[in-house]
Each structure stands twice: as structure tokens, then as C-alpha cells.
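# Analysis of the macromolecular model
Okay, here's what each chain looks like letter by letter:
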Amino acid sequence: MNYDIILAGVGGQGVVSSATILSRCAMCDGFNVRQSEVHGMAQRGGAVQAQVRISDRVIESDLVPSGTADCIISMEPIEGLRCLSLLAENGRYITSLDPVVNIPDYPESQFIEEQLGKISGHIAVNAKKIAQTAGPAYAANIVLIGIASAFIPALAVATFERVIRETFERKGEKVVESNLKAFAAGRGIVKGGR
Amino acid sequence: MDRLLLLGDEACAMGAIDAGMSVAYGYPGTPSTEIMEFLQKHARNYGIVAKWCANEKTSYEGAMGVSYAGRRALVTMKHVGLNVAFDAFANSALQKINGGLVAAVADDPGMHSSQNEQDTRYPADFAKTACFEPRNHQEAYEMTREAFDVSEKFNIPVVVRLVTRLAHSRSIIRTRQPRAQNALNRAHVISDWMCIPACAKPNYHALLECQPRLLEYSEQSAWNTLEIKEDFREYGVITTGLGGNYYCEVAAALPSQPSHLHIGVYPIPIEKIRRLAGRVERIVVIEEGYPFVEEKLRSVIRDPIPIQGKMDGFLPYEGELNPDSVARALNLSVAHGLGIVIDKLPSRPPQLCKGCPHHDTFAVLREIVNEYKGTIITSDIGCYTLGAIPPYEIIDSASCMGASIGMAKGAAEAGYHPVIATIGDSTFLHSGLTGLVDAVTSNVNMLLLILDNGTTAMTGGQDTIMGSEQLVSIIRGAGVGPKHLHTIIPLPANHEKNVVLLRKELNYEGFSVIIARRGCIQHLKKSSKGKAAS
Ligand SMILES: Cc1ncc(C[n+]2csc(CCOP(=O)(O)OP(=O)(O)O)c2C)c(N)n1
Ligand code: SF4
């Protein structure tokens, strides 16, 4: 079993913490894991990427070779497109449609639709809106994790739930509940998974 | 035996804890910062001291004191930090290290968050000491532990070289039974820690005499593994650090498996290299960083054979390696995935947070520059370095920590006017104080603008070594009179007032200091959260 995931977004969107949830799940379910992430300068509203490699064998490289990633989780419409060259031919592209517009030349939505049109089997959602049906909009990244989880059968749903609980426990039961709901809502979007 | 999911930095910190380290000092710097942050989080649990210092040199000197007293010390810094600590570092190699002294230094190939991509294996080699180069988290843990033993065995400081992709990668490590801390046991032979020539000469001699033993250790070390393939002689591969990972990631696709030497600890194992070289027609070197091993090989291999690496363009000289660049160099194909190329995506550089105090300081400077065309604004390193890029484009230089003051003084004494130096509070305390003394004593015609946001923001908001009030006293104490020492609050409401004050001080023919004091937004959020929780 090997599963390589790329997470992309903007500094402050929770790219690294989402990646850590995936890594914790992998560890709990007995897999090896390598999670490469970005700290420092880039976190100030800049483009941020993290990579999570899950395997039952030794993982050599922290970085995913081009054209081999199993999944891209894009927390923002253009950030995932930036790392498209990493995705495998049959890889899964999951993206939020909620833009973070903090640059002057942000592309039109038509441009984004055109690009998404080229990626077969992509899943594009208004993650914030879905999160809001469960609670606050900040759980949008957990909605995306929920969607992605349906494509990583090696990781159990119960594991995700446990790790999400552990991750948010410090912030109180309400936050835990809304994140669990966001996860379920995301997972519910994918019919049959895989 | 705990299984922990840790950053490479944290695995290194855990290794130090389990090695019985007593005291850690350091100065923040991406990608090394999380070593100290981890130690601080667990300091009480393990009964250790873990403290930020004013800069890397004072950190290193503190660690020397710990070693002198017989305990184990860790110093943490980023690669350029070792330049600051270099005097202490290079000379400490000639002292008889007592308690283990390990410097964990994180390089940043690819310059993700740095002004250069210098390779710490060179300073380690220059100081004639040992250097470990872990390639994964378990190695970061094990090697840091071993580094302390090596330090005490050979009485030398030892370097652990990390790189960004390991420092900021997470994986699972298994810890082993911890070793107890050393008891206090001060050094007793005075000449061992004395650098007057009468002592330095024998001490240097001792360091040279230690070299063959160090080499022997490296030759025997299990971190330097040579795997010989008798039936394939066309070429052999030497890898170091993360170069080894990328090589192993792609090597399965090679038509034949070549002999392979992986180097994890330096000095380079000369005999192992010669054994490999004697069996192959050509050597390929894959190392993260400068072509350090590649350069050394040429003086080590007896019958010269072709060497391929970074110097001949076999691999890119600049930037960091990755599995693709290594695959391409080895003539292996790289998967083309979806084959979709999108070239119209706008870049998204980092930017100042909404409400950042630097924003308002830049607005004041903008107005001054519009008025005094050609004003030189030297600057420094921190969040405010973003003043170089749009929409601000207001600062003219950023080089090394503290340079803004010295450069402004130089330009002013060369006859240029007006000149303003801008520097953050943490950077000022790191390396600006000595520049301040120079500027005060020559009453140079320049304005020093200190951007005091109460924290070391760029590296994640570590506390500045001293508070805002103390900062003012120190400047006053250096001899800056109250007439030309002011504090302003950079807020839109104060804009006009602040411009007037800056104008006035620019027109004053002499040295003046203005402190723009307002807290970093992120830091305020964090500390108010911290208060709410406690
Ligand atoms: C010698 C050296 N040590 C450490 C660093 C990493 N570093 C860059 S800026 C900075 C401090 C920034 O703090 P401050 O000057 O207060 O500015 P702020 O980011 O808070 O605006 C540090 C530690 C470096 N570049 N060089
Ligand atoms: S972290 Fe603080 S100093 Fe840096 S940009 Fe944000 S508010 Fe400004």
C-alpha cells in the first residue's frame, strides 16, 4: 500500500494541520508516513504546500516524484492547480471553490472552470458552505479531508474520527462536534468512495 | 520505547534529551527553530534548560560554558547563524571539550526562507570536527544522541547538519532508553581552555593528532555504508544525506544496481571511497548542498576516474535536489501524469498580515521618500523585509542580520544624505547593538528607525530577549540623548504626526533614533489566547 497526497492552499488556511491529521491517521493504522511541509516566510498569506506519503513499506523520499501523487487536496481554487504536475494520470483532484483573493491578478472563475474541466474525475465543492451546514466555516478543510478519506480505504473512518477528536479536544466539545460533522458531510459527498 | 510522530527538528531535539543533554541555547532561524521550541515545551518534564539567546554567538559561548562545567549542551541555529557563531565555533575545536557539545545547524538548500544556501559541512570540515548528516527522522534522533558521545570521546564540538526537507518533514521515530545527564564536573587543566599561544599551539597539535582517530571512527561507522555489486562496474554511486533518499526512491528502475556508498558521518571515509573507486569506471555523486564530497573525492581517489556530480552539471548546482532531478540525471524517465500545463497562474508571495504595524511604518517612509527623492533606506531581516516587494517597494537593502545600521553609517560617512536604517527589534538586539555604538560615537548623520513589534515575528513569534522599555534604556545608555531619541506608534491615526517627526530628525545633522513601537498582530493574538487558556 502506497498513497501519496498533496495538500495546497494559502498560509493560514490550515494546510499543515490538515496534513498532520492525515499523518496521525496513517500512524494510528500502523503505516509508515512522511509529511513534508512549509514553515516560515511562506506562511504569511503566501502559497503553501504539504505532502503526505503513506506506505506499508519504507518511505525513502520526503518529496513525491512528479506525476505519481494519488490525490491533490486543494483548499483554494488556484493553489492545487499549481502542483498539478505532481498528480498521477489516474490521480484524484479534490478542490474547494472558495477563493482566497489576496493578490491583485486573481484569475476569473471562468479560467478556473476551464482548468478544472481538463481534470477528469475532479471533485469541486463549496467547502465553506458545506462546513456551515455542520457548524462554522473554518472547518472547510475538514470537509475536504472527509472527501479525500473516501479514496484512502486503508485508513479507517473510526481512525479519522478519533484523530479529529484528539486534534480539537483542547478547543472544547462544540468544536470537536462541528469538525466531526464537517468530516461526515465531506465523506457523504462521495458515493461509494474509491 | 515510544513511537512518536515528530518533525525532523523535533527528532533531533528528542535525541538530545535522551542523550542526557542538560542545557540548550539557540537563536531562532528557519528551518532550525522547532528544535528549541520542542525543547522548551518539554523542558520542565526532563529537567533541562532550553533558552533563546541574543544571537548565535552568545548561544554558542553559553554552550561552551556548559561543556566546561561538565554537562552536555546543544546549540541550535540556522546555517547563516553559524557565521555569527563562527569565532566561538572554530576556536572551540581547539579547547578540550568536556561535557558533550553539539551544534544542530539547519541548512536551507533551495533558499525557502534564507538569504543563501551555504553548506554547513564546510565549516565543520574547516574546524576539523565531526559532522553528522541524518537522512530521516530516526537518524536525526540516533545521530544526535551519538554526536554527544563522539564529542566527549574525542573532546571536540560536533555538528549535526539538518536540511529544510528533513527539519520540516514529519515521521515516526522510536526512542530508546534515555541516558542520564552528566554530573557537574568542571574542567581542571587550565591550558585545555586557554588560547594564549603557549596553550593554543599544543591544543592545535592535539586537534591534528585526533584527526586519524576521527577518520578511523568514520571508516568504522555504520552510518557510512558501502554496498559492493561485483558484477556491475560501469559506475558506482556515492550519496549523502537526502541525496541518498532520492536515489533510493528512484534506483529500483535502474537497469542494473550499481555499488553504492552512503555517507552519513564526516570526515569522509577515505578507505571506503577508495574501495568503491577501485571497482568502478566512473563515480556519480548525489549530495544535498554544495559539491562537498565531490570536491574532496578528487584528492582522495588514487587512479583518477571520471566523477559526475554538480560541478559538471550532471545534477543542478543550485537549489535542492528532488526525486525528479535525480531520476533525470540517472537517465530515468519521470512520470508525466496528466500532462496538463497551466502557465498563467499568478504567483502568491507572502505578505504582511492585515493590521501589521510595519504597514503603517512603511506608509510614513513612503511619504518621506516622496519628499526627499533618493533617500537610501537600508534594511534588515524580518517580516519587514517584505518592504522590498510590491505594494511597498520602500527598502533598498537586506543582507545579513544587523547590516542595516553599519551600511547606513557607511553611506552617510561617504557623504550621502539622507540615509535611514530600518531594523526589527529582535534583529537589533541580535546584531544591531554594536552598530549602534559605532554610529553614536561618530555622531553620524543618519536616522535609525527600530521597528519594535515586541517579538521575533518572522520565525514564528519567539519572545524578544528584552522588552520595549529596556530597549529604550539600552539606546539611551549607549549615549543617544533624549532630544534625538523618540518613540512613535505606527497607526494610521498618527500618520501625519509621525511624518513630521521623521522629517524633523532627517533634517537634524547628526545621529537620531526613532522607535516605531506597536505589537505584531499574530503575537498579540497568540499571547491573548495563551492568557485565556491559563
Ligand atoms: C544570522 C541569522 N540568524 C537568524 C536568522 C533568521 N531570522 C531572520 S529574521 C529574524 C528575526 C526577525 O525579528 P525582528 O527583527 O524582530 O523582525 P520581525 O520579523 O519581528 O518584523 C530571524 C531570527 C537569520 N536570517 N540570520
Ligand atoms: S507576523 Fe506580525 S510582524 Fe509579521 S507580518 Fe504579521 S503582523 Fe506583521
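Residues numbered from 1 in each chain as written. Chains lettered and ligands numbered in written order. Predicted model: local features only at pLDDT ≥ 70, side-chain atom pairs only at ≥ 80, totals over all residues. Heavy atoms only, no water.

Counting secondary structure elements, chain B contains 19 helices and 21 strands. What you see for chain B is a C-alpha radius of gyration of 26 Å, in line with the 24 Å of a compact globule of 534 residues. Along the three orthogonal principal directions, the C-alpha set of chain B runs to about 80 × 65 × 50 Å. Out of the 534 residues in chain B, the part that is buried amounts to 59%. Total accessible area on chain B stands at roughly 21,700 Å², and carbon and sulfur atoms take up 54% of it. Charge separation in chain B, taken as the distance between the mean sites of 52 positive and 56 negative side-chain charges, equals 5 Å. (Helix = DSSP H or I, 4+ residues; strand = E, 2+ residues; numbered from the N terminus. Rg over C-alpha atoms; globule rule 2.2 N^0.38 Å. Buried < 20%, exposed > 50% of the residue type's maximum accessible area, 1.4 Å probe, protein only. Areas by Shrake-Rupley, 256 points an atom, 1.4 Å probe, with all protein chains shown as cover. Lys, Arg positive; Asp, Glu negative; His and termini not counted. Charge placed at Lys NZ, Arg CZ, Asp CG, Glu CD.)

What follows concerns helix 11 (residues 270-277) of chain B. Residues and elements named next belong to chain B. Every buried residue of helix 11 is accounted for by Lys272, Ile273, Leu276 and Ala277. One side of helix 11 carries all its buried residues, which in axial view fall inside an arc of 135°. Looking at the packing, one finds that the buried side of helix 11 touches helix 9 (197-220), strand 9 (225-227), strand 10 (236-240), strand 11 (259-263), strand 13 (283-287) and helix 12 (292-300). (Arc of directions from axis to C-beta. Contact = heavy atoms within 4.5 Å.)

It is worth spelling out the packing of helix 14 (residues 357-371) of chain B against helix 18 (residues 495-507) of chain B at this point. Residues and elements named next belong to chain B. At their nearest, the axes of helix 14 and helix 18 sit 9 Å apart, and the two run at 50° to each other. Considering their axes alone, helix 14 and helix 18 lie oblique with respect to each other. Crossing hand, helix 14 versus helix 18: right-handed. Across the interface between the two elements, Ala363, Val364, Leu365, Glu367, Ile368 and Glu371 from helix 14 touch His495, Glu496, Asn498, Val499, Leu502, Arg503 and Leu506 from helix 18. A per-class count over the contact of helix 14 with helix 18 returns 7 nonpolar, 2 polar and 4 charged. (Axes fitted to C-alpha atoms, helices over the stretch in contact; angles between N-to-C directions. Parallel < 35°, antiparallel > 145°, perpendicular 65-115°, else oblique. Left-handed = near helix turned anticlockwise from the far one by under 90°. Nonpolar A, V, L, I, M, F, W, Y, C, P; charged D, E, K, R; others polar.)

Let's shift gears to the site of ligand 2. Neighbouring ligand 2 are the residues Arg44(A), Leu352(B), Cys353(B), Cys356(B), His358(B), Cys383(B), Asn453(B), Ala457(B), Cys520(B), Ile521(B) and Gln522(B). This site is not confined to one chain, since residues near ligand 2 come from chains A and B. Grouping the constituent residues of the shell around ligand 2 by class yields 7 nonpolar, 3 polar and 1 charged. (Near = heavy atom within 4 Å.)

All names here are of chain B. Read from one edge of the open sheet, 7 strands run 3-2-4-5-7-6-12, paired in mixed fashion. With one partner strand each, in any of the chains shown, strand 3 (49-52) and strand 12 (265-266) form the two edges of the open sheet. Across 2 bridges, the pairing between strand 6 (residues 130-132) and strand 12 is antiparallel. Bridge assignment links Cys131 to a residue of strand 12, and that residue is Tyr266. (Pairing = 2+ DSSP bridges.)

Let us now look at the site of ligand 1. All names here are of chain B. With respect to spatial proximity, 26 residues lie near ligand 1, and among them Glu56, His358, Asp425, Thr427 and Ala457 are the closest. The separation between an oxygen atom of ligand 1 and a polar side-chain atom of His358 is 2.7 Å. Compared with its free state, where it exposes 590 Å², ligand 1 has 99% of that area covered by protein. Looking at the shell around ligand 1, the elements with two or more residues in it are helix 4 (79-84), helix 16 (425-441) and strand 18 (455-456). Considering each element in turn, the shell around ligand 1 owes the most residues, 4 residues, to helix 16. Its residues placed into classes, the shell around ligand 1 shows 10 nonpolar, 13 polar and 3 charged. (Polar contact = N/O pair within 3.5 Å; in protein donor to acceptor, adjacent residues only side chain to side chain.)

All names here are of chain B. With 108 residues, the main nonpolar core has Leu39, Tyr60, Leu74, Phe132 and Ile283 as its most contacted residues. At 7 residues, the largest contribution of residues to this core is made by helix 7 (residues 137-154). When near neighbours in sequence (up to four residues on either side) are disregarded, Tyr60 contacts Val75, Met77, Ala85, Ala88, Phe89, Ser92, Leu101, Ala103 and Pro157. Core analysis: the second largest hydrophobic core is formed by 54 residues, Val364, Val369, Ile423 and Leu436 among them. (Core = buried A, V, L, I, M, F, W, Y, C linked by side-chain atoms within 4.5 Å.)

Further remarks concern unusual backbone geometry. Residues and elements named next belong to chain B. A cis amide bond links Tyr266 to the next residue, Pro267, at an omega of 15°. Relative to the helices and strands, Pro267 is located in the loop between strand 12 and helix 11. Residue Pro418 is bonded to the preceding His417 through a cis peptide linkage, with omega at -5°. Position of Pro418 among the secondary structure elements: in the loop between helix 15 (403-413) and strand 16 (419-424). Even without being a glycine, Met111 presents a positive backbone phi close to 50°. Structurally, Met111 can be placed in the loop between strand 5 (101-107) and helix 6 (121-126). The partly exposed category is assigned to Met111, whose relative accessible area is 39%. Its identity is not glycine, yet Lys128 carries a phi of approximately 60°, on the positive side. On the secondary structure map, Lys128 appears in the loop between helix 6 and strand 6.

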